Amino acid sequence: MSVKIIAEDCVACGVCIDACPFPGAIEVNDVAVLTDKCNGCGACADSCPTEAIVVEKKEDKNAVNAADYQGVWVFIEQRDGLIANVALELLSEGRKLADKLGTHLAGVLLGDGVTELSKHCFAYGADKVYLVEGAVFKYYRTDSYTEAICNLIRQYKPEILLFGATNNGRDFAARIAVRVDTGLTADCTELAIDQESKLLLQTRPAFGGNVMATILCPNRRPQMATVRPKVMKKLEPDYSRSGQLIRYDSPVREEDVSTKILEVVEHATKTLNLAEAEIIVSGGRGIGAPENYYLIEQLAEVLGGAAGASRAAVDAGWVPHYRQVGQTGKTVAPKLYIACGISGAIQHLAGMQTSDVIVAINKDPEAPIFKVATYGIVGDLQKVLPLLTKKFKELKEA
Ligand SMILES: Cc1cc2nc3c(=O)[nH]c(=O)nc-3n(C[C@H](O)[C@H](O)[C@H](O)COP(=O)(O)OP(=O)(O)OC[C@H]3O[C@@H](n4cnc5c(N)ncnc54)[C@H](O)[C@@H]3O)c2cc1C
(Lines give C-alpha, C1' and ligand atoms only; values in the text may rest on other atoms or scores of the structure.)
Protein backbone atom coordinates (compact mmCIF):
# COMPACT_ATOMS: atom_id res chain seq x y z
CA MET A 1 0.00 0.00 0.00
CA SER A 2 1.14 3.56 -0.46
CA VAL A 3 -0.19 6.59 1.38
CA LYS A 4 -0.54 10.04 -0.18
CA ILE A 5 -1.52 13.35 1.33
CA ILE A 6 -3.50 15.77 -0.88
CA ALA A 7 -1.98 19.05 0.30
CA GLU A 8 -4.85 21.29 -0.84
CA ASP A 9 -7.41 19.27 1.19
CA CYS A 10 -5.28 19.12 4.37
CA VAL A 11 -6.30 21.55 7.14
CA ALA A 12 -3.28 20.65 9.36
CA CYS A 13 -5.59 19.58 12.22
CA GLY A 14 -3.11 16.90 13.40
CA VAL A 15 -5.77 14.20 13.96
CA CYS A 16 -3.70 11.86 11.77
CA ILE A 17 -0.76 12.08 14.20
CA ASP A 18 -2.90 10.63 17.00
CA ALA A 19 -4.13 7.84 14.72
CA CYS A 20 -0.65 6.89 13.52
CA PRO A 21 0.93 3.95 15.44
CA PHE A 22 4.46 4.98 14.40
CA PRO A 23 5.84 8.02 16.26
CA GLY A 24 7.42 10.57 13.95
CA ALA A 25 5.89 9.11 10.77
CA ILE A 26 3.76 12.26 10.18
CA GLU A 27 4.79 15.86 10.76
CA VAL A 28 2.28 18.69 10.60
CA ASN A 29 3.25 22.30 9.90
CA ASP A 30 1.19 24.10 7.26
CA VAL A 31 0.10 20.73 5.93
CA ALA A 32 0.70 17.12 7.01
CA VAL A 33 3.85 15.51 5.58
CA LEU A 34 4.88 11.85 5.72
CA THR A 35 8.43 11.12 6.88
CA ASP A 36 10.60 8.10 6.12
CA LYS A 37 9.24 6.47 9.31
CA CYS A 38 5.87 5.91 7.55
CA ASN A 39 5.43 2.25 6.63
CA GLY A 40 2.29 2.84 4.59
CA CYS A 41 -0.11 1.06 6.99
CA GLY A 42 -2.85 3.59 6.19
CA ALA A 43 -4.13 3.92 9.78
CA CYS A 44 -4.14 7.72 9.35
CA ALA A 45 -6.48 7.71 6.34
CA ASP A 46 -9.63 6.69 8.24
CA SER A 47 -9.08 9.40 10.85
CA CYS A 48 -8.73 12.33 8.43
CA PRO A 49 -11.86 14.55 8.69
CA THR A 50 -11.24 16.19 5.28
CA GLU A 51 -10.35 12.99 3.40
CA ALA A 52 -6.98 14.46 2.52
CA ILE A 53 -5.18 11.14 2.99
CA VAL A 54 -5.51 8.51 0.31
CA VAL A 55 -4.33 4.92 0.51
CA GLU A 56 -3.49 3.35 -2.81
CA LYS A 57 -3.15 -0.38 -3.15
CA LYS A 58 -0.08 -1.36 -5.16
CA GLU A 59 -0.70 -3.97 -7.76
CA ASP A 60 0.99 -7.28 -6.92
CA LYS A 61 2.65 -8.22 -10.19
CA ASN A 62 3.35 -11.75 -8.96
CA ALA A 63 -0.21 -12.42 -7.74
CA VAL A 64 -1.41 -15.90 -8.68
CA ASN A 65 -4.83 -17.09 -9.77
CA ALA A 66 -6.16 -18.42 -6.46
CA ALA A 67 -8.68 -20.67 -8.25
CA ASP A 68 -5.78 -22.81 -9.52
CA TYR A 69 -4.89 -23.79 -5.92
CA GLN A 70 -6.91 -26.29 -3.91
CA GLY A 71 -6.69 -28.33 -0.75
CA VAL A 72 -5.33 -27.91 2.76
CA TRP A 73 -1.97 -29.60 3.31
CA VAL A 74 -0.22 -30.49 6.54
CA PHE A 75 3.46 -31.42 6.72
CA ILE A 76 3.65 -34.75 8.59
CA GLU A 77 6.82 -34.48 10.64
CA GLN A 78 8.09 -37.91 11.66
CA ARG A 79 11.22 -39.27 13.25
CA ASP A 80 12.12 -42.96 13.31
CA GLY A 81 8.63 -43.84 12.11
CA LEU A 82 6.89 -41.85 14.85
CA ILE A 83 4.67 -38.95 13.81
CA ALA A 84 5.17 -35.78 15.86
CA ASN A 85 2.04 -34.92 17.83
CA VAL A 86 1.95 -31.45 16.32
CA ALA A 87 1.32 -32.96 12.87
CA LEU A 88 -1.73 -34.83 14.22
CA GLU A 89 -2.91 -31.65 15.93
CA LEU A 90 -2.58 -29.80 12.62
CA LEU A 91 -4.44 -32.52 10.72
CA SER A 92 -7.28 -32.14 13.25
CA GLU A 93 -7.29 -28.36 12.71
CA GLY A 94 -6.79 -28.75 8.95
CA ARG A 95 -9.89 -30.97 8.80
CA LYS A 96 -12.02 -28.07 10.09
CA LEU A 97 -10.46 -25.62 7.62
CA ALA A 98 -10.91 -28.01 4.68
CA ASP A 99 -14.57 -28.59 5.61
CA LYS A 100 -15.17 -24.82 5.75
CA LEU A 101 -13.63 -24.45 2.30
CA GLY A 102 -15.33 -27.56 0.91
CA THR A 103 -11.97 -28.94 -0.16
CA HIS A 104 -9.74 -31.91 0.66
CA LEU A 105 -7.20 -32.32 3.46
CA ALA A 106 -3.84 -33.88 2.65
CA GLY A 107 -0.84 -34.98 4.66
CA VAL A 108 2.64 -34.56 3.15
CA LEU A 109 4.79 -37.42 4.38
CA LEU A 110 8.51 -37.76 3.69
CA GLY A 111 10.81 -40.54 4.91
CA ASP A 112 12.22 -43.96 4.18
CA GLY A 113 9.84 -46.91 4.63
CA VAL A 114 7.07 -44.78 6.13
CA THR A 115 4.08 -45.87 4.00
CA GLU A 116 2.47 -47.41 7.11
CA LEU A 117 2.23 -43.98 8.73
CA SER A 118 -0.33 -42.82 6.18
CA LYS A 119 -3.04 -44.76 8.07
CA HIS A 120 -2.57 -42.39 11.01
CA CYS A 121 -2.97 -39.42 8.66
CA PHE A 122 -6.28 -40.82 7.39
CA ALA A 123 -7.40 -41.58 10.96
CA TYR A 124 -6.79 -37.95 11.93
CA GLY A 125 -8.85 -36.62 9.02
CA ALA A 126 -6.70 -36.62 5.85
CA ASP A 127 -8.40 -37.47 2.56
CA LYS A 128 -5.08 -37.84 0.74
CA VAL A 129 -1.46 -38.46 1.61
CA TYR A 130 1.37 -37.31 -0.66
CA LEU A 131 4.13 -39.80 0.07
CA VAL A 132 7.76 -39.11 -0.80
CA GLU A 133 9.98 -42.06 0.08
CA GLY A 134 13.64 -42.88 -0.36
CA ALA A 135 16.90 -43.25 1.56
CA VAL A 136 17.64 -39.58 0.89
CA PHE A 137 14.59 -38.69 3.04
CA LYS A 138 15.37 -41.03 5.95
CA TYR A 139 16.42 -38.12 8.16
CA TYR A 140 15.25 -34.54 7.95
CA ARG A 141 17.70 -32.38 6.06
CA THR A 142 16.95 -28.84 4.97
CA ASP A 143 18.00 -29.22 1.32
CA SER A 144 16.27 -32.49 0.48
CA TYR A 145 13.02 -31.75 2.32
CA THR A 146 12.78 -28.19 0.96
CA GLU A 147 13.34 -29.31 -2.61
CA ALA A 148 10.85 -32.18 -2.43
CA ILE A 149 8.08 -30.05 -0.93
CA CYS A 150 8.64 -27.19 -3.38
CA ASN A 151 8.32 -29.68 -6.24
CA LEU A 152 5.09 -31.04 -4.76
CA ILE A 153 3.66 -27.53 -4.36
CA ARG A 154 4.49 -26.64 -7.97
CA GLN A 155 2.86 -29.81 -9.25
CA TYR A 156 -0.25 -30.11 -7.06
CA LYS A 157 -0.85 -26.45 -6.02
CA PRO A 158 -2.31 -26.51 -2.48
CA GLU A 159 -4.13 -23.42 -1.24
CA ILE A 160 -3.01 -23.80 2.39
CA LEU A 161 0.10 -25.45 3.83
CA LEU A 162 0.64 -25.86 7.58
CA PHE A 163 3.78 -26.84 9.50
CA GLY A 164 4.48 -27.49 13.17
CA ALA A 165 6.69 -24.72 14.59
CA THR A 166 9.26 -27.32 15.60
CA ASN A 167 12.99 -27.00 14.99
CA ASN A 168 12.53 -28.58 11.55
CA GLY A 169 9.36 -26.67 10.70
CA ARG A 170 10.98 -23.37 11.62
CA ASP A 171 14.06 -24.35 9.67
CA PHE A 172 12.49 -25.01 6.31
CA ALA A 173 8.99 -23.47 6.16
CA ALA A 174 10.37 -19.97 5.57
CA ARG A 175 12.79 -21.31 2.96
CA ILE A 176 9.92 -23.03 1.12
CA ALA A 177 7.82 -19.83 1.25
CA VAL A 178 10.65 -17.86 -0.38
CA ARG A 179 11.24 -20.50 -3.04
CA VAL A 180 7.57 -20.65 -4.09
CA ASP A 181 7.19 -16.88 -3.77
CA THR A 182 4.55 -16.67 -1.06
CA GLY A 183 4.21 -15.49 2.56
CA LEU A 184 4.51 -17.33 5.87
CA THR A 185 2.97 -16.49 9.24
CA ALA A 186 5.02 -18.03 12.04
CA ASP A 187 3.72 -19.24 15.42
CA CYS A 188 -0.01 -18.86 14.79
CA THR A 189 -2.24 -19.44 17.79
CA GLU A 190 -5.49 -19.47 15.82
CA LEU A 191 -6.49 -20.36 12.26
CA ALA A 192 -9.85 -19.74 10.65
CA ILE A 193 -11.46 -19.17 7.26
CA ASP A 194 -12.95 -15.80 6.38
CA GLN A 195 -16.54 -16.52 5.28
CA GLU A 196 -16.56 -13.96 2.50
CA SER A 197 -13.10 -14.02 0.95
CA LYS A 198 -12.36 -17.68 1.89
CA LEU A 199 -8.89 -16.53 2.91
CA LEU A 200 -7.00 -18.15 5.78
CA LEU A 201 -7.09 -15.90 8.87
CA GLN A 202 -3.74 -16.46 10.54
CA THR A 203 -3.71 -15.04 14.06
CA ARG A 204 -0.59 -14.70 16.19
CA PRO A 205 0.57 -12.55 19.12
CA ALA A 206 2.50 -9.41 18.20
CA PHE A 207 4.23 -6.61 20.09
CA GLY A 208 5.25 -8.75 23.05
CA GLY A 209 1.89 -10.48 23.29
CA ASN A 210 -0.04 -7.23 23.78
CA VAL A 211 -1.80 -7.39 20.42
CA MET A 212 -3.26 -10.31 18.47
CA ALA A 213 -2.56 -9.74 14.78
CA THR A 214 -4.61 -11.48 12.08
CA ILE A 215 -2.55 -11.86 8.94
CA LEU A 216 -3.81 -12.57 5.41
CA CYS A 217 -2.03 -13.74 2.29
CA PRO A 218 -4.48 -12.58 -0.39
CA ASN A 219 -2.43 -12.72 -3.60
CA ARG A 220 0.03 -15.61 -3.31
CA ARG A 221 -0.38 -19.32 -2.80
CA PRO A 222 -0.12 -21.46 -0.82
CA GLN A 223 -1.10 -19.54 2.30
CA MET A 224 1.51 -20.85 4.72
CA ALA A 225 1.59 -20.89 8.52
CA THR A 226 3.50 -22.56 11.33
CA VAL A 227 1.79 -23.48 14.61
CA ARG A 228 3.54 -24.47 17.82
CA PRO A 229 2.98 -27.89 19.35
CA LYS A 230 0.02 -28.15 21.74
CA VAL A 231 -1.71 -25.01 20.49
CA MET A 232 -4.34 -26.93 18.49
CA LYS A 233 -6.39 -29.78 19.94
CA LYS A 234 -5.92 -33.29 18.59
CA LEU A 235 -9.19 -35.01 17.55
CA GLU A 236 -10.00 -38.61 18.45
CA PRO A 237 -8.58 -40.75 15.61
CA ASP A 238 -10.95 -42.82 13.49
CA TYR A 239 -9.06 -45.84 12.13
CA SER A 240 -12.03 -46.89 9.99
CA ARG A 241 -11.24 -43.93 7.69
CA SER A 242 -9.07 -44.39 4.63
CA GLY A 243 -8.00 -42.20 1.74
CA GLN A 244 -5.96 -41.78 -1.40
CA LEU A 245 -2.24 -42.48 -1.25
CA ILE A 246 -0.31 -40.52 -3.88
CA ARG A 247 3.30 -41.64 -4.29
CA TYR A 248 5.54 -38.89 -5.56
CA ASP A 249 8.83 -39.83 -7.13
CA SER A 250 11.05 -36.93 -6.12
CA PRO A 251 14.00 -36.06 -8.35
CA VAL A 252 16.14 -35.25 -5.24
CA ARG A 253 19.30 -37.43 -5.13
CA GLU A 254 21.86 -37.90 -2.36
CA GLU A 255 24.52 -36.03 -4.36
CA ASP A 256 22.24 -32.92 -4.42
CA VAL A 257 22.26 -32.70 -0.61
CA SER A 258 25.08 -30.72 0.96
CA THR A 259 24.73 -32.14 4.50
CA LYS A 260 25.35 -35.74 5.62
CA ILE A 261 24.00 -37.28 8.83
CA LEU A 262 26.99 -38.86 10.59
CA GLU A 263 25.36 -39.76 13.90
CA VAL A 264 22.04 -39.23 15.66
CA VAL A 265 22.49 -38.53 19.38
CA GLU A 266 19.41 -40.15 20.94
CA HIS A 267 20.03 -39.00 24.48
CA ALA A 268 19.72 -35.30 23.67
CA THR A 269 16.39 -35.74 21.86
CA LYS A 270 14.91 -37.79 24.72
CA THR A 271 15.72 -35.40 27.56
CA LEU A 272 14.76 -32.17 25.81
CA ASN A 273 11.26 -32.94 24.68
CA LEU A 274 9.41 -30.37 26.77
CA ALA A 275 6.62 -29.87 24.23
CA GLU A 276 5.58 -33.53 24.41
CA ALA A 277 5.94 -34.01 28.21
CA GLU A 278 2.80 -34.80 30.21
CA ILE A 279 4.28 -33.41 33.43
CA ILE A 280 6.53 -30.35 33.60
CA VAL A 281 8.21 -28.82 36.64
CA SER A 282 9.55 -25.34 35.88
CA GLY A 283 11.85 -23.09 37.90
CA GLY A 284 12.04 -19.30 37.75
CA ARG A 285 14.14 -16.56 39.26
CA GLY A 286 12.84 -17.69 42.64
CA ILE A 287 15.22 -20.66 42.60
CA GLY A 288 17.82 -18.06 43.59
CA ALA A 289 20.93 -19.62 42.04
CA PRO A 290 21.84 -22.07 39.26
CA GLU A 291 22.91 -24.75 41.73
CA ASN A 292 19.32 -24.88 43.07
CA TYR A 293 17.91 -26.01 39.71
CA TYR A 294 18.58 -29.59 40.80
CA LEU A 295 15.50 -29.22 43.07
CA ILE A 296 13.40 -28.74 39.93
CA GLU A 297 15.13 -31.61 38.09
CA GLN A 298 14.70 -34.00 41.02
CA LEU A 299 10.96 -33.41 41.27
CA ALA A 300 10.60 -33.68 37.48
CA GLU A 301 12.50 -36.96 37.50
CA VAL A 302 10.50 -38.60 40.28
CA LEU A 303 7.26 -37.61 38.51
CA GLY A 304 8.55 -38.90 35.18
CA GLY A 305 8.31 -35.42 33.70
CA ALA A 306 10.51 -32.77 32.10
CA ALA A 307 12.19 -29.75 33.69
CA GLY A 308 11.38 -26.29 32.31
CA ALA A 309 12.22 -22.71 33.22
CA SER A 310 11.10 -19.11 32.97
CA ARG A 311 12.98 -16.66 30.80
CA ALA A 312 14.39 -14.90 33.88
CA ALA A 313 16.16 -18.14 34.88
CA VAL A 314 17.36 -18.61 31.29
CA ASP A 315 18.52 -15.01 30.87
CA ALA A 316 20.45 -15.28 34.14
CA GLY A 317 22.42 -18.11 32.53
CA TRP A 318 21.18 -20.65 35.09
CA VAL A 319 19.27 -22.86 32.67
CA PRO A 320 19.76 -23.44 28.91
CA HIS A 321 17.32 -21.77 26.51
CA TYR A 322 15.84 -25.03 25.23
CA ARG A 323 14.11 -25.38 28.60
CA GLN A 324 12.37 -22.01 28.39
CA VAL A 325 8.58 -22.01 28.51
CA GLY A 326 6.63 -19.03 27.22
CA GLN A 327 6.11 -16.69 24.37
CA THR A 328 9.73 -16.75 23.27
CA GLY A 329 10.29 -20.30 24.46
CA LYS A 330 8.18 -23.44 24.11
CA THR A 331 4.38 -23.62 24.24
CA VAL A 332 3.37 -26.52 26.45
CA ALA A 333 0.06 -27.99 27.59
CA PRO A 334 0.92 -30.90 29.89
CA LYS A 335 -1.50 -32.67 32.22
CA LEU A 336 0.38 -31.15 35.15
CA TYR A 337 2.52 -27.97 35.23
CA ILE A 338 4.31 -27.09 38.47
CA ALA A 339 5.59 -23.49 38.47
CA CYS A 340 8.22 -22.94 41.15
CA GLY A 341 9.46 -19.44 41.98
CA ILE A 342 7.77 -18.04 38.86
CA SER A 343 5.77 -14.83 39.22
CA GLY A 344 3.34 -15.46 36.34
CA ALA A 345 4.21 -12.76 33.80
CA ILE A 346 1.91 -12.73 30.75
CA GLN A 347 4.73 -13.93 28.48
CA HIS A 348 5.27 -16.99 30.68
CA LEU A 349 1.53 -17.69 30.92
CA ALA A 350 1.28 -17.52 27.11
CA GLY A 351 3.32 -20.69 26.96
CA MET A 352 1.66 -22.81 29.68
CA GLN A 353 -1.78 -21.59 30.71
CA THR A 354 -3.66 -24.26 28.77
CA SER A 355 -2.09 -26.97 30.97
CA ASP A 356 -4.78 -29.20 32.52
CA VAL A 357 -3.66 -28.70 36.14
CA ILE A 358 -1.35 -25.90 37.27
CA VAL A 359 0.36 -25.97 40.66
CA ALA A 360 2.17 -22.81 41.76
CA ILE A 361 4.78 -22.67 44.50
CA ASN A 362 5.67 -19.12 45.44
CA LYS A 363 6.54 -17.36 48.68
CA ASP A 364 4.53 -14.27 47.66
CA PRO A 365 0.77 -14.90 48.18
CA GLU A 366 0.04 -12.00 45.80
CA ALA A 367 2.06 -13.46 42.91
CA PRO A 368 -0.06 -13.35 39.69
CA ILE A 369 0.70 -17.04 38.97
CA PHE A 370 -1.85 -17.93 41.68
CA LYS A 371 -4.61 -16.42 39.48
CA VAL A 372 -4.16 -19.19 36.90
CA ALA A 373 -3.16 -21.94 39.33
CA THR A 374 -5.47 -24.86 40.11
CA TYR A 375 -3.59 -25.38 43.39
CA GLY A 376 -1.29 -22.92 45.12
CA ILE A 377 1.39 -23.49 47.73
CA VAL A 378 2.58 -20.34 49.47
CA GLY A 379 6.04 -21.10 50.73
CA ASP A 380 9.77 -21.22 50.15
CA LEU A 381 10.52 -23.61 47.27
CA GLN A 382 13.75 -24.63 48.94
CA LYS A 383 11.64 -26.18 51.70
CA VAL A 384 8.58 -27.26 49.70
CA LEU A 385 10.33 -28.99 46.77
CA PRO A 386 12.43 -31.47 48.80
CA LEU A 387 9.29 -32.42 50.77
CA LEU A 388 7.28 -33.01 47.58
CA THR A 389 10.10 -35.01 45.96
CA LYS A 390 10.46 -37.16 49.09
CA LYS A 391 6.71 -37.82 49.30
CA PHE A 392 6.36 -38.72 45.60
CA LYS A 393 9.40 -41.01 45.88
CA GLU A 394 7.80 -42.82 48.81
CA LEU A 395 4.50 -43.16 46.94
CA LYS A 396 6.30 -44.47 43.87
CA GLU A 397 8.26 -47.04 45.87
CA ALA A 398 5.11 -48.16 47.67
C1 LIG B 1 8.96 -9.92 24.41
C2 LIG B 1 9.10 -10.69 25.69
C3 LIG B 1 9.08 -12.06 25.62
C4 LIG B 1 9.19 -12.81 26.80
N5 LIG B 1 9.16 -14.17 26.72
C6 LIG B 1 9.16 -14.89 27.86
C7 LIG B 1 9.05 -16.33 27.83
O8 LIG B 1 9.00 -16.95 26.77
N9 LIG B 1 9.05 -16.98 29.00
C10 LIG B 1 9.11 -16.35 30.21
O11 LIG B 1 9.10 -17.02 31.25
N12 LIG B 1 9.24 -15.00 30.27
C13 LIG B 1 9.28 -14.26 29.14
N14 LIG B 1 9.44 -12.93 29.20
C15 LIG B 1 9.82 -12.33 30.51
C16 LIG B 1 8.64 -12.11 31.44
O17 LIG B 1 8.08 -10.84 31.20
C18 LIG B 1 9.13 -12.13 32.91
O19 LIG B 1 10.16 -11.20 33.08
C20 LIG B 1 9.64 -13.51 33.35
O21 LIG B 1 8.71 -14.51 33.03
C22 LIG B 1 9.86 -13.49 34.86
O23 LIG B 1 10.41 -14.72 35.23
P24 LIG B 1 10.21 -15.23 36.73
O25 LIG B 1 8.75 -15.35 37.02
O26 LIG B 1 11.06 -16.44 36.91
O27 LIG B 1 10.89 -14.06 37.59
P28 LIG B 1 10.24 -13.01 38.53
O29 LIG B 1 9.18 -12.24 37.85
O30 LIG B 1 11.36 -12.23 39.11
O31 LIG B 1 9.54 -13.87 39.66
C32 LIG B 1 10.21 -14.63 40.59
C33 LIG B 1 9.18 -15.18 41.56
O34 LIG B 1 9.80 -16.05 42.45
C35 LIG B 1 9.23 -15.90 43.74
N36 LIG B 1 10.21 -16.36 44.70
C37 LIG B 1 11.41 -15.79 45.03
N38 LIG B 1 12.08 -16.58 45.92
C39 LIG B 1 11.28 -17.65 46.16
C40 LIG B 1 11.43 -18.81 46.97
N41 LIG B 1 12.54 -19.04 47.71
N42 LIG B 1 10.41 -19.70 46.99
C43 LIG B 1 9.29 -19.51 46.23
N44 LIG B 1 9.11 -18.42 45.45
C45 LIG B 1 10.09 -17.52 45.40
C46 LIG B 1 8.92 -14.43 43.83
O47 LIG B 1 7.89 -14.18 44.78
C48 LIG B 1 8.49 -14.11 42.39
O49 LIG B 1 7.08 -14.24 42.24
C50 LIG B 1 9.34 -12.17 28.05
C51 LIG B 1 9.35 -10.77 28.10
C52 LIG B 1 9.23 -10.04 26.93
C53 LIG B 1 9.23 -8.55 27.01
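A quick note: this is a predicted structure, and the numbers were derived from the prediction, not measured.

(A) Fine view of the nonpolar core. Counting residues in hydrophobic clusters, the biggest one holds 54 residues, and the most contacted among them are Val 74, Ala 87, Leu 91, Val 108 and Leu 109. With seven residues, helix H3 (residues 85-101) is the largest single contributor of residues to this core. Val 281, Ala 309, Trp 318 and Leu 381 belong to the second largest nonpolar core, which has 37 residues in total.

(B) Molecular detail of unusual backbone geometry. Going from Arg 221 to Pro 222, the amide bond is cis rather than trans, its omega being -5°. In this model, Asp 187 sits at a positive phi of 60°, which is unusual for a non-glycine residue. Along the chain, Asp 187 falls in strand S11 (residues 184-188). A count of 17 C-beta atoms within 10 Å places Asp 187 in the partly exposed class. Here Lys 198, not a glycine, exhibits a phi torsion of approximately 65°, which is positive.

(C) Fine view of the domain arrangement of the chain. Entries for the chain in the domain assignment read domain 1 (2-56), domain 2 (66-256) and domain 3 (268-393). One C-alpha centre belongs to domain 1, the other to domain 2, and the line joining them spans 41 Å.

(D) Looking closely at the pairing of strand S10 (residues 160-164). Most of S10 is tucked away, with five of its five residues classed as buried. Side chains Ile 160, Leu 162 and Gly 164 project from S10 onto one buried face, and the interleaved Leu 161 and Phe 163 project onto a second face that is buried too. Pairing between strand S5 (residues 72-76) and S10: three bridges, direction parallel. Within the sheet, the bridge partner assigned to Trp 73 lies in S10 and is Leu 161. Relative to strand S15 (residues 223-227), S10 runs parallel, the two sharing five bridges. Across the sheet, residue Leu 161 finds its bridge partner in S15, namely Met 224.

(E) Region of the structure containing the sheet that holds strand S12 (residues 190-193). On the basis of which strands lie adjacent, the open sheet formed by three strands has the order S12-S13-S14 and antiparallel pairing. The open sheet is flanked by S12 and strand S14 (211-215), the only strands paired with a single partner. Going from strand to strand, the sheet's axes swing by 25° on average, the running direction of each strand aside. Pairing of strand S13 (residues 200-206) with S14, which is carried by five bridges, proceeds in the antiparallel orientation. Note that in S14 the partner of Arg 204 across the bridge is Ala 213.

(F) The site of the ligand, seen in detail. In the neighbourhood of the ligand, 29 residues make up the surrounding shell, with Gly 284, Gly 286, Arg 311, Ala 312 and Gly 326 lying closest. Listing elements by their share of the shell around the ligand, those giving two or more residues are helix H9 (311-315), helix H10 (346-349), strand S20 (357-362) and helix H12 (381-397). The element that contributes the greatest number of residues to the shell around the ligand is H9, accounting for three residues. The residue makeup of the shell around the ligand, split by class, is eight nonpolar, 16 polar and five charged.

(G) Inspection of the pairing of S12 at higher detail. Where S12 lies against S13, four bridges are found, and the strand directions are antiparallel. Pairing of Glu 190 across the sheet is with Thr 203, part of S13. The hairpin turn running from S12 into S13, its antiparallel successor, is six residues long, and Lys 198 in that turn takes a positive phi close to 65°.

(H) Main features of H12. Between its first and last C-alpha, H12 extends 24 Å over 17 residues, near the 24 Å set by a 1.5 Å rise per residue. Among all positions of H12, only Leu 381, Leu 385, Leu 388 and Thr 389 are buried. Viewed end-on, H12 has its buried residues packed into an arc of 100°, placing them on one side of the element. The outward face of H12, more than 90 degrees from its buried face, is lined by the exposed residues Lys 383, Leu 387, Lys 391, Glu 394 and Glu 397.

(I) Helix H6 (residues 167-179), seen in detail. Across its 13 residues, H6 extends 19 Å between first and last C-alpha, which sits within 8% of the 18 Å expected from 1.5 Å per residue. Taken together, the buried positions of H6 are Gly 169, Phe 172, Ala 173, Ile 176 and Ala 177. Turning to H6, the residues buried within the fold contact S5, helix H5 (142-156), S10, S11 and S15. Looking at the residues trailing H6, positive phi occurs at Asp 181, about 65°.

(J) Just the sheet that holds S5, in detail. The strand order S11-S15-S10-S5-S8-S9-S16 describes an open sheet built from seven strands, whose pairing is parallel. Among the strands making up the open sheet, the edge pair consists of S11 and strand S16 (244-247). Taking each pair of neighbouring strands and ignoring which way they run, the sheet shows an average axis angle of 25°. Where strand S8 (residues 105-111) meets strand S9 (residues 128-133), six bridges bridge the pair, whose relative direction is parallel. Of the residues in S9, the one forming a bridge with Gly 111 is Glu 133. The strands touched by H3 are S5, S8, S10 and S15; relative to S5, the strand with the most contacts, the crossing angle is about 175°.

(K) Region of the structure containing the packing of helix H8 (residues 293-302) against H12. For the pair H8 and H12, the least separation of the axes is 9 Å and the interaxial angle reads 20°. Accordingly, the angle class assigned to the pair H8 and H12 is roughly parallel. The interaxial crossing formed by H8 with H12 has left-handed handedness. Side by side, H8 and H12 meet where Leu 295, Gln 298, Leu 299 and Val 302 of the first sit next to Leu 381, Leu 385, Pro 386, Leu 388, Thr 389, Phe 392, Lys 393 and Lys 396 of the second. Residues belonging to the contact of H8 with H12 are distributed by class as follows: eight nonpolar, two polar and two charged.

So, how was this worked out
Residues numbered from 1 in each chain as written. Predicted model: local features only at pLDDT ≥ 70, side-chain atom pairs only at ≥ 80, totals over all residues. Core = buried A, V, L, I, M, F, W, Y, C linked by C-beta atoms within 7 Å. Buried ≥ 20, exposed ≤ 12 C-beta atoms within 10 Å, placed from the backbone. Helix = DSSP H or I, 4+ residues; strand = E, 2+ residues; numbered from the N terminus. Domains from an automatic or database assignment. Pairing = 2+ DSSP bridges. Axes fitted to C-alpha atoms, helices over the stretch in contact; angles between N-to-C directions. Near = placed C-beta within 6 Å. Nonpolar A, V, L, I, M, F, W, Y, C, P; charged D, E, K, R; others polar. Expected span 1.5 Å × (residues − 1). Arc of directions from axis to C-beta. Contact = placed C-beta atoms within 7 Å. Parallel < 35°, antiparallel > 145°, perpendicular 65-115°, else oblique. Left-handed = near helix turned anticlockwise from the far one by under 90°.

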